[in-house]
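Commentary on secondary and tertiary structure
Chain by chain, the residues:
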Amino acid sequence: MKYDFDHLADRSIDQARKWDLGIMKSKFPHVRDDFIPLWIADMDFKAAPEIRQALAEMAENGAYGYTYASDRWYQSVINWQKVRHHNQVEKPWVTLGYGTVPNMHIIVQAFTQVHDKIILNTPVYGPFAYAARHNDREVLTVPLLKHGPRYDLDWDRIEYVMKTQHPKLTFFCSPHNPSGRIWSRDEMIQMADLCLKYHVLMVVDEVHSEHIIKGQFTSSLQLPQKYYSNLIMLTSPNKGFNLGGLKLSYSIIPDDDIRQTFRKQYERNSVTSPNVPGQIAMITAYEQGAEWLDQSLAYIKENLAITKKFLAESFPGWEMMEMESSYLPWIDVAKSHLDMHEIAERMADDAGVVVGIGDDYVANADNFLRLNLGTSHQVIEEAMKRMAQTWQKMIK
Ligand SMILES: Cc1ncc(COP(=O)(O)O)c(C=O)c1O
């Protein structure tokens, strides 16, 4: 490999939430001081050297004043979308913003009224619901159907809820966080059809599309153009290149009216120019980062193999969902008959491994834990070893 994923970044320098003992203690008061964090979706790899170099040059140059979304930035987005995702994006469709979660809040404000309803397929990434609730909108949840290690969409229920409760929009997570499920083209079309039929704005979050483990990802922009009249696509390099702390992202909105409404809400909130390092990092990721991304994905796949081996050998009662994307294994612990909170607490206190808990995924995740493979093989081995020992004690 050209790139080094074995030697990790020092996370004390960037005040990483992931590695912060105080934050960990607020979640698990008796967490071991030498804990390994496998929770928040933040990777420990150093960013691609090309990005580090570009940021170092910027830092050294010493100018951090006001900026704007440059032509080069638009072009980097258009090229990336074309080459990686086969999307033909036109420049006017693209709007630079301050993060996918902030964009969701803006969208809720722009397209719905207080007490309107927002439909989610759950479990799903928690901030989908925050965007609604922080703005006094109601969340309607439709549980995903668990068929063995895969989720399916509950089409009858989705249609029933759309027909009877009239939600104004949906946040659709594609690929799906937390399970890693990739929705097929047919599934995307079926969802888009229902949204059109019942006048539900389809907002698709594609931030996990850079980490495809297996299968074919279909971007919402690959759907027939008739769906463009009802579509907002949100994405960023934040997951793929671990740039979340730089707080930028973008939307792609082909429809003029939807885009104008969205931008009007940007104006109301003065979402204007990007931050200097964020734009430089994004351009560099998209122009020069493809090889780093491919290699990091290969490395994550090795972490997945290590994890699967441990799960098969040492974790009776844990069942991993088929992970088609991301670096975040989603594990069903129902068969252990132990409570997920108790397991997570023992893992923090005894094993010193902090895992994600189902509570953070809106609904329908009462027996789930989430891991994070965005770290070195050594850290994953150590975490799995420690957890295996604790698990043996727990099920004795
Ligand atoms: C599905 C999904 N959307 C959005 C985000 C966060 O995006 P941003 O940091 O740009 O707000 C995450 C982070 O884990 C995520 O999993």
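Moving on, we get to the overall build of the chain. Secondary structure assignment for the chain yields 12 helices and 14 strands. Computed over C-alpha atoms, the radius of gyration of the chain comes to 21 Å, within 12% of the 21 Å expected from 2.2 N^0.38 for 396 residues, which places it in the range of a compact globule. Along the first, second and third principal axes, the C-alpha set of the chain runs to 60 × 60 × 35 Å. Counting every position in the chain, which comprises 396 residues, the buried fraction comes to 45%. Within the chain, contacts between residues separated by at least 24 positions form 76% of all contacts whose residues are at least 6 apart in sequence.

Turning to helix H10 (residues 290-314), a few remarks are in order. Taking 1.5 Å as the rise per residue, H10 with 25 residues should run 36 Å; its terminal C-alpha atoms sit 36 Å apart, in good agreement. Those residues of H10 that are buried are in contact with helix H12 (377-395).

This paragraph deals with unusual backbone geometry. Residues other than glycine predominantly adopt negative phi, and peptide bonds predominantly adopt the trans conformation. Along the chain, Thr 122 connects to Pro 123 via a cis peptide bond; the corresponding omega equals 5 degrees. Structurally, Pro 123 can be placed in the loop between strand E3 (117-122) and helix H5 (127-133). Cis geometry marks the peptide bond from Asn 177 to Pro 178; its omega dihedral reads 25 degrees. Inspection of the secondary structure assignment puts Pro 178 in the loop between strand E7 (169-173) and helix H7 (185-197). The phi angle at Asp 136 is positive, at roughly 60 degrees, despite the residue not being glycine. Along the chain, Asp 136 falls in the loop between H5 and strand E4 (138-143).

Attention shifts here to the site of the ligand. Close contacts around the ligand come from 14 residues, with Ala 41, Gly 99, Thr 100, Val 101 and Asn 177 the closest. Of the residues that constitute the shell around the ligand, the class distribution is five nonpolar, eight polar and one charged.

Looking now at the domain arrangement of the chain. Each assigned domain of the chain is listed here: domain 1 (21-48 + 290-391) and domain 2 (64-288). Taking only C-alpha atoms into account, the centre of domain 1 sits 26 Å from that of domain 2. Taken together, the 30 residues of domain 1 in the interface contact 34 residues of domain 2. Looking at the side of domain 1 that touches domain 2, the element that brings in the most residues is H10, giving five residues. For the side of domain 1 that touches domain 2, the class distribution of residues is 19 nonpolar, four polar and seven charged.

Attention shifts here to the nonpolar core. If you look at the biggest cluster of nonpolar residues, it comprises 111 residues, and the most contacted ones within it are Met 202, Val 203, Ile 232 and Val 353. A domain-level breakdown of this core finds at least three residues from each of domain 1 (21-48 + 290-391) and domain 2 (64-288). If we ignore the near neighbours within four places in the chain, the residues touching Ile 232 are Ile 107, Leu 201, Val 203, Ser 251, Ile 253, Ile 258 and Phe 262.

Next up on the list: the sheet that holds strand E9 (residues 231-235). Read across the open sheet, the seven strands follow the order E2-E10-E9-E8-E7-E3-E4; overall the sheet is mixed. Every interior strand has two partners, whereas the edge strands, strand E2 (94-97) and E4, have only one. Looking at each pair of strands side by side, their axes are set apart by 25 degrees on average, direction ignored. Two strands pair when backbone bridges link them, and E7 and strand E8 (residues 201-205) are joined in this way by five bridges, in the parallel orientation. Note on E8: the bridge partner recorded for Thr 170 is Met 202.

Further remarks concern the sheet that holds strand E12 (residues 330-332). Spatially, E1-E13-E14-E12-E11 is the arrangement adopted by the five strands of the open sheet, whose pairing is mixed. Of all the strands in the sheet, just strand E1 (36-38) and strand E11 (319-320) have a single pairing partner and so form its edges. In this structure, E11 lies alongside E12, joined through two bridges in antiparallel fashion. In the sheet register, Met 320 faces E12, and the bridge partner there is Ile 331. Its contacts with the sheet put H12 on E1 and strand E13 (353-357), and the angle it makes with E1 is roughly 95 degrees.

Interhelical geometry of helix H4 (residues 100-111) versus helix H8 (residues 256-268) gives an angle of 110 degrees and a closest axis separation of 9 Å. Considering the angle they form, H4 stands roughly perpendicular to H8. Residues Ile 106, Ile 107, Gln 109, Ala 110 and Phe 111 of H4 form the contact with H8, whose own contacting residues are Thr 261, Phe 262, Lys 264, Gln 265 and Tyr 266. Its residues assigned to classes, the contact of H4 with H8 shows six nonpolar, three polar and one charged.

Bringing the pairing of E4 into the picture now. For E3 and E4, the ladder comprises six bridges, and the chain directions are parallel. Within the sheet, the bridge partner assigned to Ile 118 lies in E4 and is Val 139. The parallel pair E3 and E4 is bridged by H5, and the resulting crossover is right-handed.

What follows is about the environment of Leu 201. Mapped onto the secondary structure, Leu 201 falls in strand E8. Sequence separation between Leu 201 and Glu 324 is 123 residues; the distance between their C-alpha atoms is 26 Å. Residues contacting Leu 201, with those up to four places away along its chain left out, are Phe 111, Lys 168, Leu 169, Asn 230 and Ile 232.

Here the focus is the pairing of E13. Of all the five residues making up E13, four are buried; the element is thus mostly covered by neighbouring parts of the structure. Bridge count between E1 and E13: three bridges; the pairing is parallel. Paired with Ile 36 across the two strands is Val 353, which belongs to E13. Here E13 pairs with strand E14 (residues 368-370) via two bridges, running antiparallel. Across the sheet, residue Gly 356 finds its bridge partner in E14, namely Arg 370.

Cut-off values and rules
Residues numbered from 1 in each chain as written. Predicted model: local features only at pLDDT ≥ 70, side-chain atom pairs only at ≥ 80, totals over all residues. Helix = DSSP H or I, 4+ residues; strand = E, 2+ residues; numbered from the N terminus. Rg over C-alpha atoms; globule rule 2.2 N^0.38 Å. Buried ≥ 20, exposed ≤ 12 C-beta atoms within 10 Å, placed from the backbone. Contact = placed C-beta atoms within 7 Å. Expected span 1.5 Å × (residues − 1). Near = placed C-beta within 6 Å. Nonpolar A, V, L, I, M, F, W, Y, C, P; charged D, E, K, R; others polar. Domains from an automatic or database assignment. Core = buried A, V, L, I, M, F, W, Y, C linked by C-beta atoms within 7 Å. Pairing = 2+ DSSP bridges. Axes fitted to C-alpha atoms, helices over the stretch in contact; angles between N-to-C directions. Parallel < 35°, antiparallel > 145°, perpendicular 65-115°, else oblique. Right-handed = clockwise from strand over helix to strand, strands pointing away.

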